[in-house]
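A look at the structure
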Amino acid sequence: MAQKIRFAEGLLRSVPEPGQLTTKDGEKNILITSALPYCNNVPHLGNIIGSILSADVYSRLCVGTRNRRTLYVCGTDEYGTATETRALKEGISPKVLCDKYHELHHETYKWFDIGFDYFGRTSTPLHKEICQEIYLNLKKQDHLLRQEKEQTYCEDDQKFLADRFVEGICPHCNSDAARGDQCDTCGRTLDAVEIINPRCILDKAHKVITRISAHMYVRLDAIQPRTEEWIKESWRKGKWSPNSVINSDGTLIDARLKSGLRPSPVTRDLKWGVPVPVTDDDPDQDMKGKVLYVWFDAPIGYISITANLTPEWKQWWLNPKNVLLYQFMGKDNVYFHTIYFPSIQIGDGRDWTLLHHLSTTEYLTYEGGKFSKSHNRGVFGPAAKETGISASVWRYYLLSTRPETQDASFSWDDCVAANNNVLLNNFGNFVNRALKFISTQCGGVIPEGDTPGPLSPNDENDAEFVTDVNGLLRVYTEAMDAVKLRLGLQTVMHLSQRGNLYLQSSGLNKALMNENPTRCAKVVTRATNLIYVLSTLVYPFMPSISASILAQLNAPARAVPDTFSIDLLPGHHIGRPEHLFKKIEENMADVWRAQFAGGGAAPVVRAANEKPVTSKRKAAAAKKSAQDVDGADGPKSAEVLALDAKVTEQGNLVRELKARTPRSKELEEETAAAIADLKKLKAERVALSN
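On a predicted model such as this, the values are computed, not experimentally measured, just so you know.

Definitions and cut-offs
- Residues numbered from 1 in each chain as written.
- Predicted model: local features only at pLDDT ≥ 70, side-chain atom pairs only at ≥ 80, totals over all residues.
- Heavy atoms only, no water.
- Phe/Tyr/Trp six-rings, centres within 6.5 Å; stacked < 30°, edge-to-face > 60°.
- Helix = DSSP H or I, 4+ residues; strand = E, 2+ residues; numbered from the N terminus.
- Lys NZ or Arg CZ within 6 Å of the ring centre and 35° of its normal.
- Buried < 20%, exposed > 50% of the residue type's maximum accessible area, 1.4 Å probe, protein only.

1. Section: the packing of aromatic side chains
Counted according to the given criterion, the structure contains 24 aromatic pairs. A centroid spacing of 3.7 Å and a plane angle of 10° characterise the contact between Trp295 and Phe336, whose relative ring orientation is stacked. Linking Trp295 in helix α7 (residues 294–309) with Phe336 in helix α9 (residues 334–348), this pair joins segments that are 41 residues apart in sequence. Ring centres of Trp394 and Phe410 lie 6.0 Å apart, and the angle between their planes is 20°; on these two criteria the pair is classed as stacked. Placement of the pair is Trp394 in helix α11 (residues 391–400) and Phe410 in strand β16 (residues 408–410), with a sequence separation of 16 residues. Each residue in the set Tyr366, Phe371, Phe380, Trp394, Tyr397, Phe410, Trp412, Trp592 and Phe596 is aromatic and connected to the rest through ring pairs, giving one cluster. The lysine or arginine in question, Arg211, covers the ring of Tyr153, its NZ or CZ lying 4.2 Å from the ring centre. For Arg268, the ring lying beneath its charged end belongs to Tyr293, and the centroid distance is 4.1 Å.

2. Considerations on unusual backbone geometry
Its identity as a non-glycine residue notwithstanding, Asn174 has a phi of 70°, on the positive side. Along the chain, the position of Asn174 falls in the loop between β6 (166–169) and β7 (178–179). Of note, the phi angle at Glu367 is positive, near 50°, even though the residue is not glycine. With respect to the helices, strands and loops of the structure, Glu367 is situated in the loop between β15 (364–366) and α10 (383–386). A relative accessible area of 21% means that Glu367 is categorised as partly exposed.

Right, here's the structure in full:
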């Protein structure tokens, strides 16, 4: 089929050459990591949206739509006590366990269309080599300290026991189910030596005592001044998302920093891990037989996984002048990525690429409760595929509910509504309606009648349409560059809704074609070119949908434009129009809710045409959710969307200020001023909507 596409520099997506894994001086080289999933279980939906999927979206934005040199790495975190414990429960070796779960993770992410440049693992020779090199560098820099402390010891097995191998009575609440690291009954964090009547989980008849063991500690206290200076600079330049280390005013709020960092252990009495390197002249010869602490070696996994991908790994990790590091994680990982690991890099003495932008998420809960593998509650890994819901729909729903500023809850009702009301009736309807018209009424060819190039905001017929599209393009670009992924996705849906309104207000039908063929030609040409723009805007979120749109357009992948233009020209032959999404019957929400409820709940199945019984609160929430995309009276303008973003940001600031302690007169005044600003923004938002 003949293609007629406008030639313009930067219009089309730049496809990297195979094996292009190097950086380029003077360009924006983007290095992306997502928190390494622990290799002892199956990931659930909260794990996926928390770091893996979010990082994938930003990676696809950079390399797939903005033509930036980008490297996205991740992999399984395989060492430590949790792996040993799980392996013992399953009756296999830690290595066999890691092989099993590494493949399970890899296959799960592959099905979700996660586009890693490389998904590796930490149990590799290169990982051992790089970890040991950093350890020895810390020692050369006098940043390691030897300390002795009491640890639990099994007399029968003649070995020290890690926290998770010990259980017994909690010294705080007297529960007899306390583990060596935590009591699940009262929630207190514990040290294994505090446990009363300790038992070894390997054999409860074995005698557990305490003995002195020597370990090496990294002197975080000595590095702290440089770490704090770096945090403030990186937070300012990288525009970190809200987090528990530094607030929106640039004030350090982490309790550990405020009280002063203490030396932190970097070795453990285990077998499964990176061996502590001990040279012949090392005075600490008793470190032989010990391994590096998993929280010391795990973040180094980002580096070693890159090294397993390319021998040019230092171009990425020892090149802070030319590389920007973006790291994605859940809120529980913030300390290790903003304080602990950067301190290790600083203490090592080399010029490492340090964190530039921190993107964190809160927790995703499941139907108002927690995901629980032990109770089979929630959707885990491969089970998402078994529902028959496509990976694209899963990606859309998870990203649309991404818990960016507060915890969010997965809901089957909302998931089905998102597919039917937003993807099918809004986005899919616009694409199919416009392309089907060209296919059936124009012979599958864009008709003559429009001029190539950027459209004028003063266009005789479509000035408002062009202005709205350009405004939404600006909102999208600003949101995505700031890693506000949920706002970026909302903007895509607003653009498709604007396209639907354009077709409706233009009266696109057979009568228009017969009575005013020139106007009809412009309408279908402009609608088709908006679809071409949508193909690239939606690519980071739903890459398979983007590919389907491009096939239906018979067009190559393009970059994100600054302004709306005619790039698919008259005479261009489109492909065969097809539906992008299919309807999900509403009764399936109850079927899946029962299927994944855990505890053996029986499914409640309704007839396909029977409406689900929904509470008034949920019904109102669902209605509001649909209006948030479409707008109560049509799509939101670019100005309204920009105000929405400001309201959200100001609301986050107010919540953060209210949560600060201790309270002071100055803090109360600052909070009151922020609330006043929020009310003012909300009033402006209401005025714009009226």
